[in-house]
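Architecture and fold: a report
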Amino acid sequence: MLDLKYIRQNPDQIKQNISRRSESYKSDIDKIFELDEQKRKLQKQADAFKAERNSLSKSVNSPEQAEEIKEKVKQINQEISGLDSALDQIDNQIKDIILFIPNLPHLSVPEGKDESQNQIVKTWGNIPNLANPKPHWQIAEELGILDFENTARLAGARLATFIGWGAKLERALIQFMLNEASSAGYTEFAPPALISAKTLQGTGQLPKFAEDLYHLEGTDQYLIPTAEVPLTGFYANGKALSEAELPKRLCAYTPCFRSEAGAAGRDTRGLIRQHQFDKVELVHLCKPEDSEAEHEKLVRQAENILEKLNLPYRRVLLCAGDMGFSAAKCYDLEVWFPSQNAYREISSCSNCTDFQARRLNLKFKNKNGTEYLHTLNGSSLAVGRTWAALLENYQTPEGFLIPEALWPYLNNQKIIVKN
RNA sequence: GGAGAGAUGGCCGAGCGGUUGAAGGCGCAGCACUGGAAAUGCUGUAUACGGUUCGCUGUAUCGAGGGUUCGAAUCCCUCUCUCUCCGCCA
């Protein structure tokens, strides 16, 4: 959520910046500016009436005196309730608009409307030299370690079952990723996969992206689309964190659930786009002045996983028009998929500045009072896509090789072949 | 799911219709005392929004929402959460 006070003071600057995402937000800013002016005018009037009522009530010392002012206060109360309900209405109107406006792009974010204008920051690793690379689903189904067909009958499309070494590899990757985060100083969490509408509003998935989520009928709960939601929301309990405990660096493995509305026809085969997938997520909570450095640190932590698994990847800085709703700046990590002859997203690392913190009321305390935190999140990594990338990049005619970093997690198994 | 008890500032805890935005204590900060510290003493110590001549000042907030009243932390209603007991259950 943008800062109302900041909109009030710098409407033109905000309009200019937000239109880097899309011109359509300019009129929203104008509307908010207008409503805010009305609101302050009404509040001033209401406060004056309330002050008068308070001083009249305080002046009462006897029942007789109360009789004298009853009529007067009743009139004042009528004025107040009229003004208060008008204020309420304006507040709701502002909220209805502001909750749908995305974060302002950071100054270092390049101009651009879509992914074609993203900037490749770096490229790492050697692309394997494979004659006719098979896609991961073919390798996996030949080995009998991944199933889509029976799963579709059991549960529906865009869902998979890992079997045997496939299941073990999935579990090993989770364990490996969590251990890497732990040894880098992250605190491990195991949050619920159910989350309230309120928290989703706090992190920015609601109200705008409701159709992307699974909603539990008859409740205000949803399945989490990412552990970012419970982790970022965890300390939003109204109590400010102390400056000394910052930065907080959290990690969690969770399943993630996405309806993939609007993705019909895209990535229909394989593990790239599923309704349920595993992910290890990193979240940083820090002081505003630290968030850029924390962002670099977070991306490096995710890159470290790819490097230890020796998977070729590149880092991409997203342009203003391609960033997610809550992000002010975002790096995507893209891993090489030989069968597609392309890099595909495997992690998205965002600096959300104070955007989520303001929605969640997430603050810390310093000498001068309280201040909104900056929140950052990133995958480290999407497990299913990592699983798929390993099979493709390490494929052999008979199966695939396990990268050395995972040997300890798989009883020193070094290669998976058909038995 | 059933029965009961409770929710007050960073923490503990008083208040149960008006000078209470909230006693008292703890904690924290500053000052004094000290060679330094402890102990002691004094002073200060919620948040949000608005106005401001930037000194202040108005409004709101005692789990949340609504009601009664000239006036609500205090009375009434609804909801949420926590604890205890019972039931059910991985």
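Position numbers for residues start from 1 in each chain and track the written sequence from start to end. A letter from A marks each chain and a number from 1 marks each ligand, given out in the order of writing. Reporting in this predicted model follows two pLDDT cut-offs: at least 70 for local features of residues, and 80 or more for side-chain atom pairs to be given and counted; totals over whole chains, interfaces and linings ignore these cut-offs and use all residues. Only hydrogens and water are set aside when side-chain values are computed; all heavy atoms of the structure are taken into account.

**Structural notes on the overall build of chain A**
Segments assigned H or I by DSSP are reported as helices when at least four residues long, segments assigned E as strands when at least two residues long, and all are numbered from the N terminus. On a plain count of helices and strands, chain A comes out with twelve helices and 17 strands. Burial classes follow relative accessibility: with a 1.4 Å probe on protein chains only, a residue under 20% of its type's maximum area counts as buried, one over 50% as exposed, and anything between as partly exposed. The buried share among the 419 residues of chain A stands at 49%. Expressed as a percentage of contacts within chain A between residues at least 6 apart in sequence, the contacts between residues at least 24 apart total 73%. Summing over all exposed atoms, chain A offers an accessible surface of approximately 20,400 Å²; the carbon and sulfur share of this is 47%. Within this scheme the basic residues Lys and Arg register as positive and the acidic residues Asp and Glu register as negative, but His and the chain ends are omitted. Note on charges: their place is set at NZ of Lys, CZ of Arg, CG of Asp or CD of Glu. Of note, chain A has its 51 positive side-chain charges centred 2 Å away from the centre of its 56 negative side-chain charges. The criterion used for residue contact is that any of the two residues' heavy atoms lie within 4.5 Å. Here the open area of atoms and residues is found with the Shrake-Rupley method and a 1.4 Å probe, where only the protein chains shown may cover a residue.

**Topic: the domain arrangement of chain A**
One can read the domain layout of chain A as domain 1 (4-98) and domain 2 (115-417). All the domain ranges listed were derived from an automatic or database domain assignment. A separation of 43 Å is found between the C-alpha centroids of domain 1 and domain 2. Contacts between the two partners involve five residues from domain 1 and, on the opposite side, nine residues from domain 2. Between domain 1 and domain 2 lies a buried interface of about 450 Å² when both sides are counted; carbon and sulfur atoms form 35% of it. Interface area lost by domain 1 to domain 2 is led by Arg20, Arg21 and Tyr25, which between them contribute 81%. Only one rule defines a salt bridge in this text: a Lys or Arg side-chain nitrogen within 4 Å of an Asp or Glu carboxyl oxygen. Here domain 1 and domain 2 share zero salt bridges between them. Side-chain atoms alone can form a polar contact between residues adjacent in sequence; in general such a contact is a pair of N or O atoms within 3.5 Å, and within protein one must be able to donate a hydrogen while the other accepts it. At the junction of domain 1 and domain 2, the tally comes to four residue pairs in polar contact (both at pLDDT 80 or more). Tallied by class, residues from the side of domain 1 that touches domain 2 come to two nonpolar, no polar and three charged. The term buried area means the drop in 1.4 Å probe accessible area that two parts suffer when joined, counted for both and summed. Polarity classes work like this: nonpolar for Ala, Val, Leu, Ile, Met, Phe, Trp, Tyr, Cys and Pro, charged for Asp, Glu, Lys and Arg, and polar for all others, with Gly in that last group.

**Notes on the pattern of salt bridges**
This model, assessed by the stated rule, comprises 26 salt bridges. Asp12 is the partner of Lys15 in a salt bridge, and the nearest nitrogen-oxygen pair spans 4.0 Å. With Lys15 and Asp12 both in helix 2 (residues 11-18) and three residues apart, the pair spans about one turn of that helix. Measuring nitrogen to oxygen at the nearest pair gives 3.4 Å for the salt bridge that ties Lys287 to Glu243.

**A few points about the environment of Glu307**
Checked against the element boundaries, Glu307 lands in helix 10 (residues 291-308). By relative accessible area, Glu307 is classed as partly exposed at 22%. Residues Glu307 and Glu71, spaced 236 residues apart in sequence, show a C-alpha to C-alpha distance of 77 Å. Among all residues touching Glu307, those that are not within four sequence positions of it are Lys122, Trp124, Arg300 and Tyr313. Here the side chain of Glu307 touches Tyr313 through a polar contact of 2.5 Å, side chain to side chain.

**Topic: the protein's contact with RNA strand B**
Definition of nearness: a residue and a molecule or strand are near each other if at least one heavy atom of the residue lies within 4 Å of the molecule or strand. With respect to spatial proximity, 19 residues lie near RNA strand B, and among them Arg8, Arg40, Lys70, Asn77 and Lys363 are the closest. For RNA strand B, a sugar or linking oxygen lies 3.2 Å from a polar atom in the side chain of Asp47. Within the contact set of RNA strand B, a phosphate oxygen lies 3.0 Å away from a side-chain nitrogen or oxygen of Lys363. Contributions of two or more residues to the surface near RNA strand B are made by helix 1 (4-9), helix 3 (26-58) and helix 4 (63-98).

**Notes on helix 2**
Listed as buried for helix 2 are Pro11, Ile14, Lys15, Asn17 and Ile18. Seen end-on, helix 2 carries its buried residues on one side only, within an arc spanning 165°. What points out from helix 2, more than 90 degrees from its buried face, is the exposed set Asp12 and Gln16. Against the buried residues of helix 2 lie helix 1 and helix 3. To obtain the arc, one takes the directions from the helix axis to the C-beta atoms.

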